[in-house]
Amino acid sequence: KERSVDESGALASELQNTVRLGDPWNEGIVWPRIAEVSLLGALGCGKLLLRLLIEKLEGMKLNACKDYNYDFLVLQATDNSV
């Protein structure tokens, strides 16, 4: 598989500029427009679960203007999970 690398830092900049709320010493920092997913490689169905989750997230509209609830989906996974 070919992997993409954010060599220019453009994606990192976009993520850094998203809205965030909270206090790191109390409730923590929350990025309301970023969906975070964690997968482990134990079940052997990570790719299917991720596809289903993306479909579900894309179906969740904020309003009639077709705005999505999330601008980004970030994935934290073990090498064997996807």
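All of the points below concern the structure found in this document. Quantities reported herein were computed from a predicted structural model and do not represent experimental measurements.

### Quick notes on the pattern of salt bridges
And then number 1: Inspection of every chain in the model, using the stated rule, returns one salt bridge.
And then number 2: Among the salt bridges present, the one from Asp 71 reaches Arg 33, with a minimum N-O distance of 2.8 Å. With Asp 71 in the loop between helix 2 (46–59) and strand 4 (72–77) and Arg 33 in the loop between strand 2 (28–30) and strand 3 (34–39), this pair connects stretches of sequence that are 38 residues apart.
And then number 3: Residue class for Asp 71 comes out partly exposed when judged on its relative accessible area of 48%.

### A closer look at the side chain of Thr 18
And then number 1: Here Thr 18 shows up in the loop between helix 1 (10–16) and strand 1 (21–23).
And then number 2: When sequence neighbours within four positions are dropped, the list of residues in contact with Thr 18 reads Trp 31, Ile 34 and Phe 72.

### Here's the deal with the environment of Tyr 70
And then number 1: Along the chain, the position of Tyr 70 falls in the loop between helix 2 and strand 4.
And then number 2: Each C-alpha atom of the pair Tyr 70 and Trp 31 lies 9.6 Å from the other, and the pair is 39 residues apart in sequence.
And then number 3: For Tyr 70, the residues in contact, after removing those within four places along its chain, are Pro 32, Arg 33, Ile 34, Ala 35 and Leu 57.

### Focus on helix 2
And then number 1: Given a rise of 1.5 Å per residue, 14 residues ought to cover 20 Å, and the 20 Å separating the end C-alpha atoms of helix 2 matches this to within 8%.
And then number 2: Turning to helix 2, its buried residues are Gly 46, Leu 50 and Leu 57. All buried residues of helix 2 lie within an arc of 35° about the axis, which places them on one face of the element. Along helix 2, exposed side chains directed more than 90 degrees from the buried face belong to Leu 48, Arg 51, Glu 55, Lys 56 and Gly 59.

Conventions adopted
- Residues numbered from 1 in each chain as written.
- Predicted model: local features only at pLDDT ≥ 70, side-chain atom pairs only at ≥ 80, totals over all residues.
- Heavy atoms only, no water.
- Salt bridge = Lys/Arg side-chain N within 4 Å of Asp/Glu carboxyl O.
- Helix = DSSP H or I, 4+ residues; strand = E, 2+ residues; numbered from the N terminus.
- Buried < 20%, exposed > 50% of the residue type's maximum accessible area, 1.4 Å probe, protein only.
- Contact = heavy atoms within 4.5 Å.
- Expected span 1.5 Å × (residues − 1).
- Arc of directions from axis to C-beta.

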